[in-house]
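What follows is the residue order along each chain.
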Amino acid sequence: MTLTDPEPTVSDPRGRKPVLEAKRLVKTFGRVVGLDGVSLELYPGEVLAIIGDNGAGKSTLVKCLTGAEVPDEGEILLDGKPVHFRRPQDAREAGIETVYQTLAVSPALDVASNLYLGREERRPGILGSVFRMMDTAGMRKRAKEELITLGISTLQDVTVPVENLSGGQRQAVAVARAAAFGSKIVVLDEPTAALGVRESGQVLELVRKLRDTGIPVILISHNMPQVFDVADRIHIQRLGKRAATITPQSHSMTDAVAIMTGAAQV
Amino acid sequence: MTQQKAEPAEAEGRRTGSSVPTSQLDLATEFLDRTTPLGRVRQALHRYPALSPAIVIVVAVIVFGSLNPRFFYANNLSLITQQVAVVGTLAVAQTLVILTAGIDLSVGAAMVLASMVMAQTASQNGVPAPLALLIGLVVGLAAGALNGVLVTRLKLPPFIVTLGTLSIFLALTLLYSNSASVTGQSMPDLITSTGNTFNVAGVNITYGVVMMLVLYIIMAFILNTTAWGRHVYAVGDDPEAARLAGISVNRVLMSVYVVAGAIIAVGAWIQIGRADAASPNAGTDVNLDTITAVVIGGTSLFGGRGTIWGSLLGALIVGVFRNGLALAGLDVLFQTLAVGILIIVAVSIDQWIRKVRK
């Protein structure tokens, strides 16, 4: 089976090397073809949105990029080097962090604990090595610094249990966790699906700040206005293939929907 | 100078919730501050789950002490601590399991099995006492590991798993011991040493009670200051969020049941000392007593919320109520009645506290 890679409609204007690149990914589930030779490029400091109808392969594509699924064929390059993710932990260790729509934070734990959940830091010396004591004060301090860097001014007190926060703030905690600790890429899977209008706005603002700090973002969303508001480029999935990659400047929302549904071709 | 002025102004704004419009959190704090006194009580209980049992025990001690001065007699206080030792120890294991949103109905049965193995290997098989204790520890660990494997591998609800292992451990105990008790005299001194006492200010304290307290201190330290402790809470709070944060939920659950097994073995040793015997029929209600202690201690049956010290308070409350009501001349039935009411009140308070969550 030879697969012709549809050329990206919009190549990177500044001729940079992609941070993350997927080449001709194929993933089948029995006889169902989830991905039929999809390629994708993510460049430094950009927000790349992925849109597509249900069953177009958005989720499968993202799952392959974040290690939740292993593609049957094709390769994924991170900083130009091939990577093979077997489980989400592999992708995380390589610097790809994912935020899910389900507000995946631990409600009873405080903000700092949530930021460091699963990667707690220990106190130096014998207290940490023998007694396994966590560096609670240090983690709180660094959590605060991290939140300030991301411009999340609404979360001053990192000792507040997350359940006392609004949905938007909880998602902000999840995004901050993904962006912290030197991650290379942040993947946001429908981050505003569970949120109201105002809270969605807060999260989108955070996405922009994330990009401004130099972390490229992949944003999966159903919400066209949001996508056109925040994305630098838009990858359109259709029937397991990449139909096109456009920019909010080159195409209108109507064009995007037309490409998504197959009414128009690029 | 201007900065110095700005700070108190901001602090003022935060307290009254009037200014700092950009800060969402201050709006949240303002909302909480505006609530009724009852709301504040709820907020405090939410933050410190052991607060309500602490209040209950102080009130109970004052009331029972004034009803009958004998309550404060040294030998009576000593008796309460001894009566609490076994349930209190097993409540440490029960707290761990309940924090992960599980429940362990087999604690009592596993303890009796471990105690029979300790007693019988030492008294009848001529195994040296330290080795007998070690074999008992292995039995406890194996019992915990069995629960853990069934919960994590077969994905069965902990309630069902431990309901099954409760019967299994009970049957194994009776098969192993031929339904016969082992008396204290036939055992080496080390095995029954947990019942020996020393005197502090006129109150006789058993070594078993000391071991229980040491277990509480160790477990409080682990739960509060180690990553493992935090993961136990996270897994009970929201297992999916914990998994997405990179925590191996199954590994945490497995370790919790194994650690619970080790604590159960310690409980078995304390039980032998307390009864000066090992009986296959001892501790049939201990499982429910530990759950009672944990629940009265403010730990949520839904997991992720509670403290280990609350369980000690819970065990003490049950001990104090039973003792105090007996001293007040009430029938034993009223003790059971009181414990039942305590449980329902404690769980109602937990439900009420949990409503803080939006």
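Worth saying up front: this structure is predicted, and the values here are computed from it rather than measured.

Conventions adopted
- Residues numbered from 1 in each chain as written.
- Chains lettered and ligands numbered in written order.
- Predicted model: local features only at pLDDT ≥ 70, side-chain atom pairs only at ≥ 80, totals over all residues.
- Helix = DSSP H or I, 4+ residues; strand = E, 2+ residues; numbered from the N terminus.
- Rg over C-alpha atoms; globule rule 2.2 N^0.38 Å.
- Buried ≥ 20, exposed ≤ 12 C-beta atoms within 10 Å, placed from the backbone.
- Contact = placed C-beta atoms within 7 Å.
- Pairing = 2+ DSSP bridges.
- Axes fitted to C-alpha atoms, helices over the stretch in contact; angles between N-to-C directions.
- Nonpolar A, V, L, I, M, F, W, Y, C, P; charged D, E, K, R; others polar.
- Expected span 1.5 Å × (residues − 1).
- Arc of directions from axis to C-beta.
- Parallel < 35°, antiparallel > 145°, perpendicular 65-115°, else oblique.
- Left-handed = near helix turned anticlockwise from the far one by under 90°.
- Core = buried A, V, L, I, M, F, W, Y, C linked by C-beta atoms within 7 Å.

Engineer: Would you take a moment to explain the overall build of chain A for this structure?
Structural biologist: Counting secondary structure elements, chain A contains 9 helices and 10 strands. A compact globule built from 266 residues would reach a C-alpha radius of gyration of about 18 Å, and chain A, at 19 Å, matches this within 12%. Based on the C-alpha atoms only, the size of chain A along its principal axes is roughly 60 × 40 × 40 Å. Out of the 266 residues belonging to chain A, those deemed buried represent 47%. In chain A, once contacts between residues fewer than 6 apart in sequence are set aside, the share between residues at least 24 apart is 68%.

Engineer: Help me understand the overall build of chain B in this model?
Structural biologist: Across its full length, chain B carries 16 helices and 4 strands. Counting all 358 residues of chain B, 47% fall into the buried class.

Engineer: Quick question: what am I supposed to make of the sheet that holds strand E1 (residues 20-29) of chain A here?
Structural biologist: Through backbone hydrogen bonds, the strands of a sheet pair up, either in parallel or in antiparallel fashion. Residue and element names in this part refer to chain A. What the 4 strands build is an open sheet, ordered E2-E1-E4-E5; its pairing is antiparallel. Every other strand in the sheet has two partners, leaving strand E2 (32-42) and strand E5 (81-83) as the edge strands with one partner each. Looking at each pair of strands side by side, their axes are set apart by 30 degrees on average, direction ignored. Here strand E4 (residues 73-78) pairs with E5 via 3 bridges, running antiparallel. Considered in E5, the bridge of Leu78 is made with Lys81. Strand contacts of helix H1 (residues 58-65): E1, E2 and E4, with the helix running at about 60 degrees to E2, the strand carrying the most contacts.

Engineer: Would you mind showing me how to read the environment of Gly126 of chain B here?
Structural biologist: All names here are of chain B. Positionally, Gly126 belongs in the loop between helix H6 (107-123) and helix H7 (129-152). Taking the C-beta count within 10 Å as the criterion, Gly126 has 8 such neighbours and is therefore assigned exposed. Taking C-alpha positions, Gly126 is 9.7 Å from Pro188, a pair spaced 62 residues apart along the chain.

Engineer: Please explain the interface of chain A and chain B as it appears in this structure.
Structural biologist: Listed by partner, the interface residues are 28 residues for chain A and 23 residues for chain B. The residue inventory of the side of chain A that touches chain B, partitioned by class, reads 12 nonpolar, 10 polar and 6 charged.

Engineer: Whenever I open this one, the sheet that holds strand E6 (residues 96-99) of chain A confuses me. Can you help?
Structural biologist: Residues and elements named next belong to chain A. Pairing in this open sheet of 6 strands is mixed, and the strands run E6-E7-E8-E3-E9-E10 from one edge to the other. Among the strands making up the open sheet, the edge pair consists of E6 and strand E10 (241-246). Neighbour to neighbour, the strand axes of the sheet diverge by 20 degrees on average, direction disregarded. Relative to strand E8 (residues 217-220), strand E3 (residues 47-52) runs parallel, the two sharing 4 bridges. The partner of Ala49 across the bridge, within E8, is Leu219. Across the sheet, helix H6 (residues 167-179) lies against E6 and strand E7 (185-189), angled at about 175 degrees from E6, the strand it touches most. This element, helix H7 (residues 197-212), spans E3, E7 and E8 of the sheet and lies at about 155 degrees to E8.

Engineer: Please explain helix H10 (residues 207-225) of chain B as it appears in this structure.
Structural biologist: It helps to recall that an α-helix has 3.6 residues per turn; residues three or four apart then point in one direction. Residue and element names in this part refer to chain B. Here H10 is 19 residues long and its end C-alpha atoms lie 27 Å apart, about the 27 Å a rise of 1.5 Å per residue gives. Three or more residues of H10 are buried, namely Gly208, Val209, Met212, Leu215, Tyr216, Met219 and Leu223. For H10, the angular spread of the buried residues around the axis is 115 degrees, confining them to a single face. Facing away from the buried side of H10 by more than 90 degrees, the exposed set consists of Val214 and Ile217.

Engineer: Which parts of the structure should I look at to understand the packing of H6 of chain B against helix H14 (residues 286-296) of chain B?
Structural biologist: Relative placement of two packed helices is described by the angle separating their axes and the distance separating the axes. Residue and element names in this part refer to chain B. In the contact formed by H6 and H14, the axes pass within 6 Å of each other and the chain directions differ by 125 degrees. The angle between the axes of H6 and H14 places the two elements in the oblique class. Taken together, the residues of H14 that come into contact with H6 (itself represented by Val107, Gly108 and Met111) are Val286, Asn287 and Thr290.

Engineer: Would you take a moment to explain the packing of helix H11 (residues 227-237) of chain B against helix H13 (residues 249-275) of chain B for this structure?
Structural biologist: Residue and element names in this part refer to chain B. Relative to each other, H11 and H13 sit at 110 degrees, their axes nearing to 10 Å. Here H11 lies roughly perpendicular to H13, going by the angle between them. Between H11 and H13 lies a crossing of left-handed hand. The residues of H13 that touch H11, namely those facing His231, Val232 and Val235, are Val249, Val252, Leu253 and Val256.

Engineer: Mind showing me how you'd approach H11 of chain B here?
Structural biologist: Buried residues dominate H11 of chain B, accounting for 9 of its 11 residues. The set of residues buried in H11 of chain B consists of Gly229, Arg230, His231, Val232, Tyr233, Ala234, Val235, Gly236 and Asp237 of chain B.

Engineer: When you look at the nonpolar core in this model, what are you seeing that I'm missing?
Structural biologist: Taken as a class, soluble globular proteins show a tendency for nonpolar side chains to be buried jointly. All names here are of chain B. Core analysis: the biggest nonpolar cluster contains 172 residues, and Leu113, Met118 and Ile264 have the highest contact counts within it. Element by element, the count of residues in this core is highest for H13, at 14 residues. Ile264 has contacts with Leu90, Ala93, Val107, Ala110, Met111, Ala114, Gly140, Ala143 and Gly144, leaving out every residue within four places of it along the chain.

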